[in-house]
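Inside the fold
So the chains spell out like this:
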Amino acid sequence: MEKRRSKEEYAKSLSMLVASALIFGSIGIFREFIPLPSAWIVFFRGAVGCLFLLAYMRMSGKRIRFSCSRKTLLLLCCSGILIGANWVCIFEAYIYTGVPVATLCCYLEPTIVIILATFVLHERFTLRKAVCVPVSLFGMVLVSGVFETGIPGGESLTGIFLALFAGFAYAVVVIVNKILRNVGAAEKTLVQLAAATATMVPYLCVIGGFPLSALTGSTLCLLLTMGVVHTAVAYLFHFGSLTYLKAQTVAFVSYLDPVTALILSAAVLNQRLTLLGLVGAVLVLGSALVCEMGKKPGFRNLKVRIPRGCLHRKRDRKSVRCES
């Protein structure tokens, strides 16, 4: 019964993670049609997401319980600040270098997760992963266009660095959420979104100048969609799935996000990668696939524990009763 329940939890978590990755993959398209500075989009996205989560918890009868330690609360707030930084950086990267390049540079995040998980979570770093990590890095170099136009400068280089930092910031968030197993998905998401939103307030007070003329009906609809679907629902699914999945599995499924972004950016925005860029995309995404292809369980992987005393005499070796 317990084994069946664990399988159901795994299937549910995997479905939630896939859904969140597909939702995240479309966010670049929405950003392109919102004529507001990135900081204001982040603020509205976080605020709408928090309000929707509060309404969801109230309607579903769930109580907000923050019975966590100060250390846990501090980790949640710090990861929320990193989420805010991730949003601002990736939104700016979309402007500077386009959706395809920015997305692929940002989604070195799964590679960073694999590296961090080895040291922080003590997950096994196999030879397969040791080969796939540099392959994905080389793929990112191809995507950046270094071999076609030389080292990018100006806005393109700025966009690449912003996207890379966004990927690193979110990789840390994934590790933090993997560590915090005893915090509910809704509570965890609510605190992190609130921290991400609060982080933007001082910055917005400094830059000022809210563009009221750009706040049309279509812009409001896009902001609401981004706040509810791309934030509250997507993060609730994403963080709610991490407890029952390994960090490497999360990294692998997360690559559905850039695939979705590449398809939509080509179909909707007419932003396409070059031939070498496509090769780089295959290396980045393909290395993640190969990296996560584990061996199928078989008799060679079964471990049998032999109790002490059952091999005292040679004639007993052929008729050993072992505990599984």
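What this report covers is the structure whose coordinates are included nearby.

Rules of the game
- Residues numbered from 1 in each chain as written.
- Predicted model: local features only at pLDDT ≥ 70, side-chain atom pairs only at ≥ 80, totals over all residues.
- Heavy atoms only, no water.
- Helix = DSSP H or I, 4+ residues; strand = E, 2+ residues; numbered from the N terminus.
- Contact = heavy atoms within 4.5 Å.
- Areas by Shrake-Rupley, 256 points an atom, 1.4 Å probe, with all protein chains shown as cover.
- Expected span 1.5 Å × (residues − 1).
- Buried < 20%, exposed > 50% of the residue type's maximum accessible area, 1.4 Å probe, protein only.
- Core = buried A, V, L, I, M, F, W, Y, C linked by side-chain atoms within 4.5 Å.
- Disulfide = S-S within 2.5 Å.
- Phe/Tyr/Trp six-rings, centres within 6.5 Å; stacked < 30°, edge-to-face > 60°.
- Axes fitted to C-alpha atoms, helices over the stretch in contact; angles between N-to-C directions.
- Parallel < 35°, antiparallel > 145°, perpendicular 65-115°, else oblique.
- Nonpolar A, V, L, I, M, F, W, Y, C, P; charged D, E, K, R; others polar.
- Polar contact = N/O pair within 3.5 Å; in protein donor to acceptor, adjacent residues only side chain to side chain.

1. Let's talk about the overall build of the protein
- Regarding its fold elements, the protein presents 14 helices and zero strands.
- Mapped from its N terminus to its C terminus, the protein presents α and β elements in the order α-α-α-α-α-α-α-α-α-α-α-α-α-α.
- Intrachain contacts of the protein at a sequence separation of at least 6 include 87% that bridge at least 24 residues.
- Entry remark: accessible area of the protein is about 17,800 Å², with carbon and sulfur atoms responsible for 65%.

2. A few points about helix α6 (residues 109-120)
- Compared with the 16 Å implied by 1.5 Å per residue over 12 residues, the 15 Å span of α6 between its first and last C-alpha is a close match.
- Among the residues making up α6, those that are buried are Glu109, Pro110, Thr111, Val113, Ile114, Ala117 and Thr118.
- Directly after α6, the chain includes His122, whose backbone phi takes a positive value near 60°.

3. Here we look at the nonpolar core
- Ranked by internal contacts, the top residues of the largest apolar core, which has 64 residues, are Trp87, Ile90 and Phe91.
- With residues up to four places along the chain from it excluded, the contact list for Ile90 reads Ala102, Cys106, Ala163 and Ala166.
- Leu76, Leu180, Val183 and Val191 belong to the second largest nonpolar core, which has five residues in total.

4. Some points on the state of the cysteines
- This model, assessed by the stated rule, comprises zero disulfides.
- Its sulfur unpaired, Cys89 is 9.2 Å from the next cysteine sulfur, which belongs to Cys106.
- The buried category is assigned to Cys89, whose relative accessible area is 11%.

5. Description of the packing of aromatic side chains
- For the structure shown, the criterion picks out four aromatic pairs.
- Their ring planes at 35° and their centres at 6.3 Å tell us that Trp40 and Phe44 sit as a pair that is tilted. Highlighted residues: Trp40 and Phe44, both in helix α3 (residues 38-59), separated by four residues, approximately one helical turn.
- Between Phe91 and Tyr94 the ring centres are 6.3 Å apart and the planes differ by 40°, which places this aromatic pair in the tilted class. Placement of the pair is Phe91 and Tyr94 together in helix α4 (residues 70-97), with a separation of three residues, close to one helical turn. Like Phe91, the residue Tyr94 is buried in the burial classification.

6. Re the environment of Pro134
- Note on placement: Pro134 falls in helix α7 (residues 127-144).
- The class for Pro134 is partly exposed, based on a relative accessible area of 42%.
- In this structure the C-alpha to C-alpha distance between Pro134 and Leu283, which are 149 residues apart in sequence, comes to 9.9 Å.

7. Some words on the packing of helix α5 (residues 99-106) against helix α13 (residues 256-269)
- Running from N to C, α5 and α13 point in directions that differ by 175°, and their axes come no closer than 9 Å. Here α5 lies roughly antiparallel to α13, going by the angle between them. From α5, Val99, Pro100, Thr103 and Leu104 reach across to α13, where they touch Pro258, Ala261, Leu262, Ser265 and Leu269.
- Classifying every residue of the contact of α5 with α13 gives seven nonpolar, two polar and no charged.

8. Notes on α4
- Here α4 contains 28 residues, and its C-alpha end-to-end distance of 40 Å stays within 8% of the 40 Å for a straight helix at 1.5 Å per residue.
- At the C-terminal side of α4, Gly98 shows a positive phi close to 90°.

9. With respect to the environment of Thr231
- For Thr231, the position within the fold is in helix α11 (residues 217-241).
- In this structure the C-alpha to C-alpha distance between Thr231 and Leu193, which are 38 residues apart in sequence, comes to 8.4 Å.
- In this view, Thr231 contacts Arg45, Gly49, Trp87, Leu193, Met226 and Leu236; residues no more than four positions away in its chain are not counted.
- Looking at Thr231, its side chain comes within polar contact range of the main-chain oxygen of Met226, at 2.7 Å.

10. So, unusual backbone geometry
- The phi torsion at Asn270 lies on the positive side, around 60°, for a residue other than glycine.
- Overall, Asn270 belongs to the exposed group, its relative accessible area being 54%.

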